[in-house]
Amino acid sequence: MRDDNVSADQIDEILQMIEGKMESGVSRLKVQIDEKQEAGTVKQQYHHGRCDVGSPWAKGTVSNCDL
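Every chain is numbered independently, its residues counted from 1 as its sequence is written. Local features are withheld for residues below a pLDDT of 70 in this predicted model, meaning they are given only at 70 or higher, and side-chain atom pairs are given and counted only at 80 or more; totals for whole chains, interfaces and linings count all residues. Hydrogens and water are ignored here; the side-chain numbers use all heavy atoms of the structure.

A.B. asks: If you had to explain the overall build of the protein chain to someone new, which residues and values would you point to?
C.D. replies: The number of helices and strands found in the protein chain is two helices and zero strands. Each residue is placed in one exposure class: buried if its accessible area under a 1.4 Å probe, protein chains only, is under 20% of its type's maximum, exposed if it is over 50%, and partly exposed if it falls in between. Expressed as a percentage of the 67 residues in the protein chain, the buried residues total 3%. With the model as given, the accessible surface of the protein chain reaches about 6,800 Å², and the carbon-plus-sulfur share is 49%. Only runs of H or I of at least four residues qualify as helices and only runs of E of at least two qualify as strands under DSSP, and these elements are numbered from the N terminus. A 1.4 Å probe and the Shrake-Rupley method give the accessible areas. Residues count as covered only by the protein chains that appear here.

As structure tokens, this is what we get:
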């Protein structure tokens with residue numbers, strides 16, 4: 001269930017998290033909200049390169065590649 005009653009403190013918390021990532025050297029960041037994930041938890045996923053996280057290229061499972 002989506003909660004549209006977001007407090008200013010919650011928004012500030014998210015902005016601080018994003019700013020902290022950028023200050024630590026992260027140049028690109030994708031933020032997703034998953035209603036199935038436990039509230040208050042954060043999941044991070046890192047990958048090398050510019051391919052999409054979870055794509056067949058990122059996982060190395062491309063079926064038509066000879067490498």
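A.B. asks: Provide a residue-level description of helix α1 (residues 8-23), including the pertinent values.
C.D. replies: Residue count minus one, scaled by 1.5 Å, sets the expected span of a helix. In this model α1 runs 22 Å from its N-terminal to its C-terminal C-alpha over 16 residues, within 8% of the 22 Å that 1.5 Å per residue would give. Of the residues one or two after α1, Gly25 is the one with positive phi, at around 110°.

A.B. asks: Tell me about a nonpolar patch on the surface, and please be specific about residues and values.
C.D. replies: Patch membership is restricted to residues that have no salt bridge and whose relative accessible area is over 30%. Joining uses 9 Å for like charges and 5 Å for the nonpolar side chains Val, Leu, Ile, Met, Phe, Trp and Tyr. Think of a salt bridge as a Lys or Arg side-chain nitrogen and an Asp or Glu carboxyl oxygen that are within 4 Å of each other. A grouping of Ile14, Met17, Met22, Leu29, Val31 and Val42 is seen on the molecular surface, where their side chains present a nonpolar patch of about 500 Å² in accessible area. Examined against the element boundaries, Met17 turns out to sit in helix α1. Using a relative accessible area of 34% as the deciding quantity, one classes Met17 as partly exposed.

Function cannot be inferred from these measures alone, as they are strictly geometric.
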